[in-house]
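Results of the structural survey
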Amino acid sequence: MKRIQIILAIVLTVGLITSCQKDFLQLEPLSDYSDAVVWNDPALIETFVNDIYRQALNMPFSIERLSDYVDESHFTPDWDVTNFNKSLMTSDNLMGWDVDWATPYTMHFRWGPLYAGVRACNIFFEKMEGKEFEGVDPDMIPNLYGQVHFLRAYLYHYLAAMYGGVPLIDKAYTLTDEFEMARNTYEETVNFIVADLDAAADLLPEVQADAGRITKGAAMHLKARTLLYAASDLHHNMNTYAPGFSNPELLGYTSGSQQSRWQAAKQAAKDVMDLGIYGLYEADPAPGDSIAQTFVDYFISYGYENEDILLQYFTPKTDEGWAGYNPALYCGPNGYHNWGNNVPLGELVDDYEFKDGTSFDWGNPDHAADPYTGREARFYATILYEGAEWRVRPSDVQGIDPWNRIQVGHVYAEGAGPNDDPLIPGVDTRKGPIEDWNGGKTGYYVRKFVDPSLDPQYVKQDVPFRHFRYAETLLNYAEACIELGEEGEALTYINMIRKRAGQPDISASGDELKEAYRHERRIEMAYEDQRFWDVRRWLIGPDAYQQTHAVDIRYYTNQQPGNYRQPDGSTWGDPVITEIENPGDARAWLDKCYFFPIYRDEMNKNSLLVQNPGY
Amino acid sequence: MKNYLSGWAGKAKSQVLVLLLFLTSFSLLSAQVTVTGTVTGAEDGMPIPGVNIVEKGTAHGTITDADGRFSLEVPADASLVFSFIGMETMEVAVGGRTVIDVSMTSTTTALDEVVVTGYGTASRATLTGAVAAVQGDELKQSPTTNFSNTLVGKVPGLFAYNRSGEPGYDGATLRIRGANTLGDNNPLVVIDGIPNRSLERLDPANIESFTVLKDASAAIYGTQAANGVILITTKRGKVGKPTITIDANVGAQQPTVIPEMADAATYAMMLNEIKYYGNPGGGLYQQYSEADIQAYQDGSDPWGHPNTDWFDEVFKPWSLQHYENVSVSGGSDNLRYYLSFGNRFQDAVYYNSATYYSQQDFRTNIDGKITDNITLSFDVAARSENRHFPTVSQGNSFRMLMRGKPNMPAFWPNGDPGPDIEYGHNPAVTTTDATGYDDDKNYHLESNIRLQIEIPWVEGLSIQGNFSYDKRLRYRKRFETPWYLYTWDGVTYENGEPVTVAGKRGLDAPQLTQYANDDYRMTYNLFATYEHGFGMSNIKVMIGTESQKGLNNWMNAFRKNYVASDIDQLFAGATDQYMSNDGSASQFARRSYFGRFNYDYAQKYLVELVMRYDGSYMFDDAWGFFPGISAGWRISEEDFWSSSIGFFNDFKIRASWGQTGNDRIYYDDRLQEYKFLTLYGFRSQTYVFDQSVDNKLLYEQAVPNPTVTWEVANQFNVGFNSTFLDGRMSFEADYFHNLRTDILWRRNASVPTSTGLSLPPENIGEVANSGFEFVATWRGNSGDFRYEIAFNGSYAKNEILFWDETPGIPEYQQSTGRPMGSSLYYEAIGVFETQADVDAYPHWAGAMAGDVIFKDVNEDGVIDGLDRVRNEKSGLPRYTGGLSANVYWRGLDASILFQGAAGAVAYISPESGEIGNYYNDYAVNRWTPDNPSSEYPRAWNRDNEYWRSQGNTFWLHETDYLRLKNIEIGYTLSTPGMRNAMIDGIRFYANGTNLLTFSKEKLIDPELTSGTAYPLQRIVNLGVTLTF
């Protein structure tokens, strides 16, 4: 009996232990898709392509902006941006540009992340090879091909702009491959990009069912931009900034004519225009229209306007922390509990013309006494300045500023010296009572792209960013025309832009026209990620990287003020506005900065690479 | 069988009855003889109080009083069992006597001690591996709430580092013999025979034994044992009367180190200096005038010019913790039980703290004999862990505390909370429940059924099977509400009083996230043990199999835009575009077959072989075979030894070598599963088309590595154990050399990023780790006075022998040949005192006087990336040790533990300047134009200076320390009067943790590695234990 009990117990226990299935260890991942599943399901393939959008276009407006790295804006927290702007970048350190945790925006403009995107494109091409799908809209697969061709070109166009000629990788490596690869020439790199874009334009429709997807026009526009960049002096006059560099073919063209390249650039821009589907938003303002308001509205509109070629939408639903897109919070004045970053430099603000087309000049006492009156519409649409009327203050600031006017000055007692404390600091300054550490340092804030309809303390902005718009097409076309000597044609299109902005026509020629064009491009495309590359391709680094400027704004009163303004909303007299040097922002240019350095690490890993000059 | 089981159940029922009626049950026993007597110590003849005396086979018994006397009514033919800690247990037949005086001898050696090893036990005398054991009682001396913090300094070879004192997340990182691999270095924890359980929240009162397998002896646990194994057994009932123990204590905690920060005047002046360095033409008072500085200094204007000590405003001087435990144990031959219920609470350091930890736990271990040969054990442990936090993380609040500007108010003079340091954060508010709450409840259920069968017809053969089912449920609720901070515009007054205005911060409306986890882990094993002796030889064979599998599920749900904060339930949130949910699952499975063979000749020559055949779901080719061998020689048993070197009681040398497979591929903060497959996963982010349609993003997680396979731990150990001077002194030392091969790591350093590859783990790394440890113990007594002193020390240093190194980097930058975790730093060699100093030495572009000097390591006249040198130290100490002493005198007992560690560094880089305050040390000693220094740099702003943004040794602090880790003093009272009232004894005790620290490091606690970690706590604790 006892023996039976024991045997029973053993059998039960052994049975329990071994009662499990044979493939006990063969588990399936519960949250991932296998290779075979993905590449046979067009819906999953589309989500794979969507991810390349994210890798290529990334976050155009995270806490830092490309404008902070050029003569458009100042990044208030500084980090290492100042050092970048002093040309201190080395092959070990890109100075702020490569601080991963802080700057996802610039992080993606880097060798590694850009090539990771390239790999995703190459995987797509390899996996799709020979694939047939049944029961799928026959246009879907070619459409996806077109998008991926564009995205690869987009990634390479940044690589080319940063580094010049780069290794052209068109396959998806496996672990056992040989990884070392030399840089292709700049010419080969441009040709590769253009070939991808031509393929994309062939495959893509003019209008996509999903707004925000790449269209034929977007591919053609990027081709025009790429060819314009390629035709520029940066890629032809290597001797001026990198004399004696052993591999000039990595930086630009060493044969052929620049004129033919301008011709190609012109033609590519013309091709976009000839599509006939784009135009300028509110191209022909009627008398009495608020042109400034038109501009403000355009940049915070949600839908595709006739001017839009490629938009990128954002969602407020996902909180991505500092990696997210939220210009309202990042750029808004601290007196709104916003972070006051990317504030316009005096240099940019001063470049806005008066309404009559004349230039602003601090040397002109009338201008200096009243700098913010009578400026052109784009000034009011782009810049927040002392006294500018803006959105309603948050409830706890309404007592300080019931008039909803930007306060970037200080109220002083009559006869106060330059180092005396103000009686009342403006609420949007670094001495104000609201988040003084967030106040901008230049006396200005940016208005363009900032959606005033929400309280960004609590709500994230979600208006789309306009990667490509038709105004750039026209400017690209005009620039090529100028360089080809076709000045009349150029003026026609520059004046289209000016007309929409409410500015009088220009009629310059020669170098004067070139300057006028560059000025127009700077103003029209401010904060749109153009200037950084323009400064480089025009070889005007030394002009753009200098001591920057700000304004000091003071009111004097002999009364005991209870507020920044008088109870009736008027100021304590006229402000005394002085142009001052923006402390701590003395920028400097070294010619090595026309290109980025390849990281020392990457050089070590790939012995075939040649470093850019100066690093 | 059925009939039999009901009989068993009937017995159990009657035992429960006994348990419930234990008080009255004594009187039911018959009384034939009243035995009286005195118990004395054999060595000194002094009476021993507190000796436990039980009538054999019953629960009936008593305890000796302060004079060692006892009195007990028993049947005339009964036997009495005398037991006392540290003394040999004795059994005396009454034989009709009425007076029995007993002389007890102390336990001379630990040789008879039985040590828990994998799948069985071993006698300490014949053990051949490097095994350290601690008795549960020793672990109760520390008043820390987290069990992992009681281990430091107690066990040679076990390194424990505490990186945070935050209630609920204050566990120590445990490392057996330091770090061995580039991946996961955590040891395997096995509790009551079941692997992968957590030890942090165990109640020390429930722990019977604590064993660490440090060398190849851990190999029996295979798959996950490469980093060593910690074996814990919990208490079980012993045959005897029911003993009820009630333990309660209450303590006060306070931070060991509170950083000293600059005051308002100094801070304001430093900001002025920053302005001045950027614009020397503007003079020294560009931001704050001399009058401002004066006002910050003299405190004349608390509204306009406050001088705030943020830590003082946020930290209360003492915070509370308390602990209660009730346990009942006892049993008969057929049924033994141990039940325990515990409760604990730990408050945090903040005023009005939203942070606290509380726990309720329950354990029942029951052993029942079904027949003489079959024992069925049934263990259930349940635990509820409650963590409560503010919605702002500890890390964020401490970052803000460090950044707290002394010239800003934490509170306005009228009591309103001051403005934020950034984005709504004022730590005086965000550490309270003003921002909502984050309530995290974890429910653990650990169960095990064990069947032990001794095969009656084969002597020495036994079979054991375990079936364990562990379950964890988590229910977390995070309710975030807007909070209010107050600003004053500097000019508005009402009735002469400044008027503050409330501003809503953080959120516009409340929002709720609810999280649920449902996990289980199932373990079953079966193993047979056969022991046989023939002649002078003994063999022991064990073979078995074990399988473990588990599944983790999680989901969460989110809604925002609550109309009101009164109802914190999901339904009350808005059903708008923002509401969302998420969820996923993961699973694992491992199986192995193992065997162990022991042979000894006359307990003199000892050999052990271990084999394990492991299978893991982590690999395509799942299976791996790993052997181990160890041997020992007890020289003291040899005739030549015992006749010539008499004072040794025991001397054993031993050596072991073994291999263990490791499948824990861990990097980027997560387990990297299925790396042999090409897998695509969704990103957490989305991409939007058509204005508002979120689209999923699928990406290639990594290129597959089809050949990914086991990492191999090769462990070599040689050591000896010795006891001498009549067992009073023992000394044990070990040297080890571990070689980890086929380490799973990525080739990130050599594969160009132009490939775009996201690399999988490959079996490429090789790390050696070697060191030694020792423990020396001295036990002595003099009259009533007994004491025990133990000193242990450990040293471990690892070296990367091979891994993926970037080609072409100079030798002084390579990590190969250096310890893991070595980082590249510029070498700070002082501060440029003058501009002439700057001009005289290679320097960073733009360097000025007051900047840190970086050494031109390669002497090329340029400071660049090639001047960085790999520093061999990391956050892990190389030396650690403890000195403990226990003394007993009559009813008094005391214990003390000093603990120290050396060889670690911490990179302390505070966020200072416009962004936040400075450590006072840096502030008062700083370089200024008037007071130049060659040691301390000038005022800096954020990371703008090169010596802030570039990692350099200026910020690297050595964190060697020695501290009074624990101290405990107790007094046990046991009088006849109490015993008449059924109270066996009452013990009052006081203990403390981290009471004294000696360290060069003053800015932070030397055990921490970051200035923004929650500080470690100094605890003073009072308690009472009642036994009846």
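Residues numbered from 1 in each chain as written. Chains lettered and ligands numbered in written order. Predicted model: local features only at pLDDT ≥ 70, side-chain atom pairs only at ≥ 80, totals over all residues. Heavy atoms only, no water.

**Some thoughts on the overall build of chain B**
If you tally the helices and strands in chain B, you get 13 helices and 54 strands. Against the compact-globule benchmark of 31 Å for 1028 residues, chain B has a radius of gyration of 32 Å, which places it among compact chains. C-alpha atoms of chain B, sized along the principal axes, occupy 105 × 70 × 65 Å. Looking at chain B as a whole, 57% of its 1028 residues qualify as buried. Considering only contacts in chain B between residues 6 or more positions apart, those separated by 24 or more positions represent 70%. Looking at chain B as shown, the accessible area adds up to about 39,500 Å², and 56% of this sits on carbon and sulfur atoms. Each charge class in chain B was averaged separately, 83 positive and 121 negative side chains, and the resulting centres sit 6 Å apart. (Helix = DSSP H or I, 4+ residues; strand = E, 2+ residues; numbered from the N terminus. Rg over C-alpha atoms; globule rule 2.2 N^0.38 Å. Buried < 20%, exposed > 50% of the residue type's maximum accessible area, 1.4 Å probe, protein only. Contact = heavy atoms within 4.5 Å. Areas by Shrake-Rupley, 256 points an atom, 1.4 Å probe, with all protein chains shown as cover. Lys, Arg positive; Asp, Glu negative; His and termini not counted. Charge placed at Lys NZ, Arg CZ, Asp CG, Glu CD.)

**Focus: the sheet that holds strand 1 (residues 33-41) of chain B**
Residues and elements named next belong to chain B. Spatially, the 3 strands line up as an open sheet ordered 4-1-7, and their pairing is mixed. The sheet is open, and its two borders are formed by strand 4 (69-74) and strand 7 (102-104), each paired with just one other strand. This sheet shows a mean twist of 35 degrees between the axes of neighbouring strands, independent of strand direction. In the sheet, strand 1 pairs with strand 4 via 6 bridges, with the strands oriented antiparallel. Bridge pairing in strand 4 places Gly-37 opposite Phe-70. (Pairing = 2+ DSSP bridges. Axes fitted to C-alpha atoms, helices over the stretch in contact; angles between N-to-C directions.)

**Some points on the environment of Val-51 of chain B**
All names here are of chain B. When you line up the elements, Val-51 lands in the loop between strand 1 and strand 2 (52-55). Between the C-alpha atoms of Val-51 and Met-104, which are 53 residues apart in sequence, the distance is 9.9 Å. Once residues within four sequence positions are removed from consideration, Val-51 is found in contact with Val-39, Thr-62, Ile-63, Thr-64, Phe-82, Ser-83, Phe-84 and Met-104.

**Here's the deal with the sheet that holds strand 11 (residues 576-586) of chain A**
All names here are of chain A. With mixed pairing, the 4 strands of this open sheet are ordered in space as 7-6-10-11. Every other strand in the sheet has two partners, leaving strand 7 (424-425) and strand 11 as the edge strands with one partner each. Where strand 10 (residues 547-557) lies against strand 11, 7 bridges are found, and the strand directions are antiparallel. Along strand 11, the bridge assignment pairs Gln-547 with Ala-586.

**Considering the interface of chain B and chain A**
Taken together, the contacts link 119 residues of chain B with 100 residues of chain A. Roughly 9,400 Å² of surface becomes buried between chain B and chain A when both sides are summed, with 59% attributable to carbon and sulfur atoms. In terms of surface lost to chain A, no three residues of chain B exceed Tyr-680, Tyr-687 and Phe-689 of chain B, which account for 8% of the buried area on that side. Taken together, chain B and chain A are joined by 6 salt bridges. Among the ionic pairs, Lys-441 of chain A bridges to Glu-914 of chain B, the shortest N-O distance being 3.1 Å. (Buried area = accessible area lost by both parts, 1.4 Å probe. Salt bridge = Lys/Arg side-chain N within 4 Å of Asp/Glu carboxyl O.)

**Quick notes on helix 19 (residues 510-524) of chain A**
Look at helix 19 of chain A: 21 Å from first C-alpha to last across 15 residues, which is about the 21 Å you get at 1.5 Å a residue. Looking only at helix 19 of chain A, the buried set comprises Leu-513, Tyr-517, Arg-518, His-519, Glu-520, Arg-521, Arg-522, Ile-523 and Glu-524 of chain A. (Expected span 1.5 Å × (residues − 1).)

**A short note on the packing of aromatic side chains**
Using the criterion set out here, one finds 120 aromatic pairs over all chains in the structure. The interplanar angle of 80 degrees and the centroid separation of 5.8 Å between the aromatic rings of Tyr-617 of chain B and Tyr-674 of chain B together place this pair among those described as edge-to-face. Residue Tyr-617 of chain B is located in the loop between strand 31 (605-616) and strand 32 (623-634), and its partner Tyr-674 of chain B is located in the loop between strand 35 (670-671) and strand 36 (679-682); the two are separated by 57 residues in the primary sequence. Overall, the relative accessible area of 2% leaves Tyr-617 of chain B in the buried class. Seen from the ring of Tyr-458 of chain A, Lys-504 of chain B lies directly overhead, with NZ or CZ sitting 5.8 Å from the centre. (Phe/Tyr/Trp six-rings, centres within 6.5 Å; stacked < 30°, edge-to-face > 60°. Lys NZ or Arg CZ within 6 Å of the ring centre and 35° of its normal.)

**Focus: the nonpolar core**
Counting residues in hydrophobic clusters, the biggest one holds 261 residues, and the most contacted among them are Trp-97, Phe-124, Phe-150, Tyr-156 and Phe-532 of chain A. If one sorts the elements of this core by residue count, helix 7 (residues 140-163) of chain A sits on top with 16 residues. In contact with Phe-532 of chain A, not counting residues within four places along its chain, are Leu-66, Tyr-69, Val-70, Phe-84, Trp-97, Tyr-545 and Phe-596 of chain A. Residues Leu-25 and Leu-27 of chain A together with Tyr-617 and Trp-803 of chain B belong to the second largest nonpolar core, which totals 30 residues. (Core = buried A, V, L, I, M, F, W, Y, C linked by side-chain atoms within 4.5 Å.)

**Re the side chain of Glu-307 of chain A**
Residue and element names in this part refer to chain A. You can see Glu-307 is positioned in the loop between helix 12 (291-299) and strand 3 (308-312). We classify Glu-307 as buried; its relative accessible area is 0%. Setting aside residues no more than four positions away along its own chain, Glu-307 makes contact with Gly-279, Leu-280, Tyr-281, Tyr-298, Phe-468, Arg-469, Tyr-470, Ala-471 and Arg-500.

**Section: the packing of helix 7 of chain A against helix 9 (residues 216-231) of chain A**
To characterise two packed helices, one gives the angle between the axes of the helices and the distance between these axes. Residue and element names in this part refer to chain A. Relative to each other, helix 7 and helix 9 sit at 25 degrees, their axes nearing to 11 Å. Relative to helix 9, the element helix 7 lies roughly parallel. For the element pair helix 7 and helix 9, the recorded crossing hand is left-handed. Here Phe-150, Ala-153, Tyr-154 and His-157 of helix 7 lie close against helix 9, whose contacting residues are Ala-218, Ala-219, Leu-222, Arg-225 and Thr-226. (Parallel < 35°, antiparallel > 145°, perpendicular 65-115°, else oblique. Left-handed = near helix turned anticlockwise from the far one by under 90°.)

**Quick word on a negative patch on the surface**
A grouping of Glu-260, Asp-309, Asp-312, Glu-313 and Asp-921 of chain B is seen on the molecular surface, where their side chains present a negatively charged patch. Note on placement: Asp-921 of chain B falls in helix 11 (residues 920-924). (Patch = residues over 30% accessible without salt bridge, like charges linked within 9 Å, V, L, I, M, F, W, Y side chains within 5 Å.)

**Some words on the confidence of the model for chain B**
All names here are of chain B. Averaged over every residue, the pLDDT of chain B is 90; residues scoring 70 or more account for 96%. Predicted confidence for residues 1-30 stays below pLDDT 50, and this span has 21 contacts to residues more than four positions away or in other chains. Both scores are available for the predicted complex, with the pTM at 0.88 and the ipTM at 0.92. (pLDDT = per-residue confidence, 0-100.)

**Here we look at unusual backbone geometry**
All names here are of chain A. Even without a glycine there, the phi angle at Asn-404 is positive, about 55 degrees. Mapped onto the elements of the fold, Asn-404 is located in the loop between strand 5 (383-384) and strand 6 (410-413). Looking at Asn-404, the relative accessible area reads 14%, which means it is buried.

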